[in-house]
Amino acid sequence: MTNRLQPIFAVAVGLALGLVVTALAGENPLHVLAVLARGAFGTRYGLGLTLAYATPLVFTGLSVAVAFRAGLFNVGAEGQLTMGALAAAAVGAVWPGWGAPGAWLAAGTAAVAAGMAWGAVPGVLRAWRGSHEVINTIMLNFIAAGLANYVTMYVLRNPASQNPETRPVGPGYMLAPWAWFAGAPVGWGLPLAIGVAVAVGWWLERSVTGLELRALGENEPAARAAGINAGRVRVLAFALAGGLAGLVAVPEVLGNTGRFRPAFSAQYGFLGIAVALLGRNRPGGILAAALLFGALQKGATDLDMETDHVTRELALVFQALIILAVAAEGAWEMVFRRRARPC
Amino acid sequence: MLSAGWQLAAATLRGAAPLVYGTLGGWCAERAGVVNLALEGLLLSGAFAAAVVAHTTHSAWLGALAGGLGGLALAAVYGLLVLRWRANQIVAGMGLNLLAAGLTPVLCKMLYDDTGRTPSLTLAERWQVAPLYGCWLLVAVAWFVARYTRWGLWHGFAGEQPAALDAAGVGVNRVRWVAVLTGGVVAGWGGAALSLGASSCFSRDLAAGRGYMALAALIFGRWRPVPAALACLLFGFCEAAQDRLQGVRFGSGEPVPVQFIQILPYVVTILVLAGWAGAARPPRALGTVFSREGNH
């Protein structure tokens with residue numbers, strides 16, 4: 001019971017601590033909360049941007065969760081989504097004449113393949129060399145950023161722009177946003193994210209490979225004794241995690257900008273860790289957590305205008321406090337100890 | 001030509017200094033068995049505290065002191081989370097980095113009504129030369145303490161054989177607390193070296209990934225202070241060389257791809273960790289929680 005409620009309490013504690021910060025800044029916390037809620041859900045456009053921020057977080061949250069269920073820590077979703085977005089943008093820039101739906105399929109496949117390839121690297125290093133995946137994925141994030149910068153600057157540079165970005169993809173690649181959201185970039189990326197979440201959940205719970213993956217994550221000696229090839233499952237889990245992160249290209253490149261811009265990601269990879277943690281690595285939880293983080297991100301953009309003393313960076317503070325509140329397991333044990341004892 | 005060489009050497013030392021503090025701060029925690037991914041946040045909080053105090057008091061030394069305290073404050077939160085509440089060390093570290101990235105602009109807005117940066121410091125308020133040799137003094141201290149003192153022995157055992165340390169009657173978590181807090185102060189000075197030395201104010205994302213680079217140096221140096229500091233020197237050289245090659249073209253007119261120099265430190269770290277450049281072994285109990293019932 002406590003296990004299921006803990007994320008909700010943690011969100012409450014994180015939000016409360018964040019509001020204390022706003023009170024210290026001389027701002028009425030209730031006003032800040034109202035601005036956040038109105039900004040995130042008050043208009044069709046605002047709701048659209050909330051969903052547009054949430055969609056990539058679903059993919060990165062799933063990416064972290066799949067690795068986590070296999071007992072692996074994927075801090076590398078940032079690099080994997082960079083490679084995925086770059087690959088999708090490159091396909092669209094090199095063959096601009098292709099039309100939908102073949103173009104969507106080609107760009108989407110390229111994004112998943114690039115994400116999988118980048119994701120497989122730490123899996124292979126762990127399986128073959130035993131080097132820990134956390135450091136490797138952090139390093140690979142920086143390497144991906146450097147390589148993507150190189151490609152953007154020297155290989156696919158858009159000559160029509162002052163800013164570093166790749167040439168735009170052909171019109172056949174773009175997924176039109178839905179008019180209901182009044183111009184916010186929400187389109188087929190959103191149902192794709194929900195569908196993928198459901199599919200991943202089904203795969204983890206119902207398929208043989210999903211079972212092998214969970215078995216390895218929950219009890220490695222038992223999994224090995226049952227004949228599961230730990231190295232193979234680790235590489236598979238990391239490749240899959242990378243592919244999921246690569247899918248960020250669909251809402252971001254095909255559904256929004258139509259090109260690759262370095263540092264386009266608003267820390268989606270790192271926030272994916274928080275989303276997975278908060279969602280307890282379950283698809284339903286991840287969808288809810290992504291929506292919450294998207295709402296904080298969007299709601300906070302209005303703080304610059306509508307308050308005097310706090311800024312949009314407050315979103316990071318809220319998100320960080322929620323992560324830390326979820327992670328502080330020992331503190332929750334103290335809170336719940338009295339109730340847990342009779343069992 | 002000689003003067004260009006000296007300039008490159010000076011730029012290398014300047015670029016390496018914040019990394020050396022960062023890597024020593026990371027070493028303090030990691031040698032005692034506590035993962036330290038919060039280095040980026042420690043650098044940011046130290047840099048912010050140093051810039052604010054130096055600007056308010058007009059004293060570079062008070063600013064540097066405050067930088068250490070800024071790192072100490074965040075490290076105390078980290079210690080509370082991972083040592084007392086047994087939070088996952090990777091999650092807590094990343095969370096604190098996010099907290100520092102968000103809180104510093106919010107505080108900056110509260111104090112100066114500007115989210116981007118703190119007010120510019122005058123030359124007298126800056127800490128330009130001292131951090132350049134101060135960090136190497138600290139490397140010597142770290143080497144000496146680790147090798148020749150009782151404290152250094154406890155420190156190493158907390159990371160290698162915590163149960164043996166406990167059996168010897170020394171509190172493992174007490175040693176780890178001291179290590180984490182000391183590391184926070186040292187990394188906070190790295191932040192001060194950034195905001196008071198390399199730059200003349202605190203600005204958003206001033207650390208710009210240096211916390212992670214310091215971590216890379218620590219691994220490249222195989223978790224030992226002197227090799228790790230030398231790795232920082234190498235990374236500082238990469239940074240200096242990259243600045244000088246920006247926009248330079250080869251004879252054929254092709255621009256020099258500085259991005260490849262930029263990613264070099266991260267590539268060598270992966271190679272070292274994979275054992276392709278000599279064996280690297282982290283402290284045996286790194287990332288584990290110590291309790292009398294057993295290590296897990």
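K.L.:
How would you sum up the overall build of chain B? Please name residues and give values.
P.N.:
When you go through chain B residue by residue, the secondary structure sums to eleven helices and zero strands. When its helices and strands are written in sequence order, chain B yields α-α-α-α-α-α-α-α-α-α-α. The C-alpha radius of gyration of chain B comes to 19 Å, within 12% of the 19 Å expected for a compact globule of 296 residues. By its C-alpha atoms, chain B is 65 × 50 × 35 Å across when sized along the principal axes. The burial tally for chain B puts 55% of its 296 residues in the buried class. Sequence separation of 24 or more characterises 78% of the internal contacts of chain B that already satisfy a separation of 6 or more. Split by element, the accessible area of chain B, about 12,300 Å² in all, is 65% carbon and sulfur. Positive and negative side-chain charges of chain B, numbering 20 and 12 respectively, have mean locations separated by a distance of 9 Å.

K.L.:
Help me get a handle on a nonpolar patch on the surface, residues and values and all.
P.N.:
Residues and elements named next belong to chain B. Judged by side-chain polarity, V141, W143, F144, V145, Y148, W151, V178, V226 and L230 come together as a nonpolar surface patch covering roughly 790 Å² of accessible area. Those elements giving two or more residues to the nonpolar patch turn out to be α5 (130-148) and α10 (225-245). Structurally, W151 is set in helix α6 (residues 150-160).

K.L.:
Give a detailed account of the packing of aromatic side chains, specifying residues and quantitative values.
P.N.:
This model, assessed by the stated rule, comprises 14 aromatic pairs over all chains. Between W143 of chain B and Y148 of chain B, the ring centres sit 5.8 Å apart and the planes meet at 80°, which makes this aromatic pair edge-to-face. On the basis of relative accessibility, which here comes to 52%, the residue Y148 of chain B falls in the exposed class. Every member of this aromatic cluster is reached through a ring pair, and the members are F142 of chain A together with Y212 and Y266 of chain B.

K.L.:
So what's going on with the interface of chain B and chain A? Which residues, and what values?
P.N.:
Accessible area lost on assembly of the parts is the figure often given for the size of an interface. Taken together, the contact pairs 43 residues of chain B with 48 residues of chain A. Summed over both sides, the interface of chain B with chain A buries roughly 3,900 Å², with 79% coming from carbon and sulfur. Counting every contact that joins chain B to chain A gives one salt bridge. For the salt bridge of R204 of chain B with E313 of chain A, the shortest nitrogen-to-oxygen distance reads 2.3 Å. At the junction of chain B with chain A, the criterion picks out two residue pairs in polar contact (both at pLDDT 80 or more). Contributing elements (two or more residues each) for the side of chain B that touches chain A: α4 (89-112), α9 (210-220) and α11 (259-273) of chain B.

K.L.:
Account for helix α2 (residues 29-41) of chain A, naming residues and giving values.
P.N.:
Residue and element names in this part refer to chain A. Compared with the 18 Å implied by 1.5 Å per residue over 13 residues, the 18 Å span of α2 between its first and last C-alpha is a close match. Every buried residue of α2 is accounted for by V32, V35, L36, G39 and A40. The arc that holds every buried residue of α2, seen down its axis, measures 115°, which confines them to one face. By the N-cap criterion, in which a side-chain oxygen at the helix start approaches the backbone nitrogen of a residue two or three places on, α2 is capped by N28, the distance to L30 being 3.0 Å.

K.L.:
Go over the environment of E254 of chain B with me, naming the residues and quoting the values.
P.N.:
Examined against the element boundaries, E254 of chain B turns out to sit in the loop between α10 and α11. With residues near it in sequence (within four places) discarded, E254 of chain B still touches V248 and R249 of chain B.

K.L.:
Which residues make up the pattern of salt bridges, and what are the values?
P.N.:
The final tally for this structure, using the stated rule, is 15 salt bridges over all chains. For the salt bridge of R224 of chain A with E220 of chain A, the shortest nitrogen-to-oxygen distance reads 2.9 Å. Taken as a pair, R224 of chain A and E220 of chain A lie in helix α9 (residues 220-225) at a separation of four residues, close to a single helical turn. Under the relative-accessibility criterion, R224 of chain A is labelled partly exposed at 48%. Put simply, E160 of chain B and R284 of chain B hold a salt bridge, and the shortest N to O gap is 3.9 Å. In this pair, E160 of chain B sits in helix α6 while R284 of chain B sits in the segment after α11, placing the two residues 124 residues apart along the sequence.

K.L.:
Residue-level account of the side chain of T82 of chain A, with values.
P.N.:
Residue and element names in this part refer to chain A. One can find T82 in helix α4 (residues 77-94). The exposure class assigned to T82 is buried, which follows from its relative accessible area of 11%. Setting aside its immediate chain neighbours within four residues, T82 contacts A144, A148 and F260.

K.L.:
Residue-level account of unusual backbone geometry, with values.
P.N.:
Among all residues except glycine, the phi angle is most often negative; among peptide bonds, the trans geometry is most common. Unusually for a residue other than glycine, R280 of chain A sits at a positive phi of about 55°. Structurally, R280 of chain A is set in the loop between α12 (268-278) and α13 (283-301). Classification of R280 of chain A as partly exposed rests on a relative accessible area of 31%. In this model, H58 of chain B sits at a positive phi of 60°, which is unusual for a non-glycine residue. Among the secondary structure elements, H58 of chain B is positioned in the loop between α2 (39-57) and α3 (60-84). A residue is classified by how much of its surface remains accessible, and H58 of chain B, at 53% relative accessible area, is exposed.

K.L.:
How would you explain the packing of helix α5 (residues 102-129) of chain A against helix α10 (residues 230-246) of chain A if you had to name every residue and give the values?
P.N.:
Helix-helix packing: each pair is described by the crossing angle between the helix axes and the interaxial distance. All names here are of chain A. For the pair α5 and α10, the least separation of the axes is 6 Å and the interaxial angle reads 150°. Two packed elements cross with a definite hand, and for α5 against α10 that hand is right-handed. Contacts between α5 and α10 involve A111, V112, G115, M116, G119, A120, P122, G123, V124, R126 and A127 from the former and G231, R234, V235, F238, A239, G242, G243 and G246 from the latter. Per-class residue counts for the contact of α5 with α10 are ten nonpolar, seven polar and two charged.

K.L.:
Go over α9 of chain B with me, naming the residues and quoting the values.
P.N.:
All names here are of chain B. In terms of burial, α9 is largely enclosed, as ten of its eleven residues are buried. Taken together, the buried positions of α9 are occupied by R210, G211, Y212, M213, A214, L215, A216, A217, L218 and I219. Residue R222 follows α9 closely and has a positive phi angle near 55°.

K.L.:
Now, about the packing of α2 of chain B against α4 of chain B: what can you tell me, with residues and values included?
P.N.:
All names here are of chain B. Two elements in contact, α2 and α4, have axes separated by 7 Å at closest approach and are oriented at 20°. With respect to α4, the axis of α2 lies roughly parallel. For the pair α2 and α4, the sense of crossing is left-handed. Contact with α2, carried on its side by L39, E40, G41, L44, F48, V52, H55 and T56, involves L96, N97, A100, A101, T104, L107, C108, L111 and Y112 of α4 and no other residues of that element.

K.L.:
Break down the side chain of N74 of chain A for me, citing the residues and quoting the values.
P.N.:
Residue and element names in this part refer to chain A. Within the element layout of this structure, N74 appears in the loop between α3 (44-69) and α4. Accessibility expressed as a relative area gives 0% for N74, which makes it buried. Only 3.0 Å separates the side chain of N74 from the side chain of S63, close enough to count as a polar contact. Leaving out residues up to four positions away in the same chain, N74 has contacts with S63, V64, A67, Q80, T137, F238, A241 and I273.

K.L.:
Just give me the short version of the environment of L196 of chain B, but keep the residues and values in it.
P.N.:
Residue and element names in this part refer to chain B. Inspection of the secondary structure puts L196 in helix α8 (residues 172-198). Separated by 172 residues in sequence, L196 and L24 place their C-alpha atoms 19 Å apart. With residues near it in sequence (within four places) discarded, L196 still touches A50, A51, A54, A60, G63, A64, L121, E125, R126, W127 and Q128.

Cut-offs and rules
- Residues numbered from 1 in each chain as written.
- Chains lettered and ligands numbered in written order.
- Predicted model: local features only at pLDDT ≥ 70, side-chain atom pairs only at ≥ 80, totals over all residues.
- Heavy atoms only, no water.
- Helix = DSSP H or I, 4+ residues; strand = E, 2+ residues; numbered from the N terminus.
- Rg over C-alpha atoms; globule rule 2.2 N^0.38 Å.
- Buried < 20%, exposed > 50% of the residue type's maximum accessible area, 1.4 Å probe, protein only.
- Contact = heavy atoms within 4.5 Å.
- Areas by Shrake-Rupley, 256 points an atom, 1.4 Å probe, with all protein chains shown as cover.
- Lys, Arg positive; Asp, Glu negative; His and termini not counted.
- Charge placed at Lys NZ, Arg CZ, Asp CG, Glu CD.
- Patch = residues over 30% accessible without salt bridge, like charges linked within 9 Å, V, L, I, M, F, W, Y side chains within 5 Å.
- Salt bridge = Lys/Arg side-chain N within 4 Å of Asp/Glu carboxyl O.
- Phe/Tyr/Trp six-rings, centres within 6.5 Å; stacked < 30°, edge-to-face > 60°.
- Buried area = accessible area lost by both parts, 1.4 Å probe.
- Polar contact = N/O pair within 3.5 Å; in protein donor to acceptor, adjacent residues only side chain to side chain.
- Expected span 1.5 Å × (residues − 1).
- Arc of directions from axis to C-beta.
- Axes fitted to C-alpha atoms, helices over the stretch in contact; angles between N-to-C directions.
- Left-handed = near helix turned anticlockwise from the far one by under 90°.
- Nonpolar A, V, L, I, M, F, W, Y, C, P; charged D, E, K, R; others polar.
- Parallel < 35°, antiparallel > 145°, perpendicular 65-115°, else oblique.

Geometric values such as these leave the question of function open.
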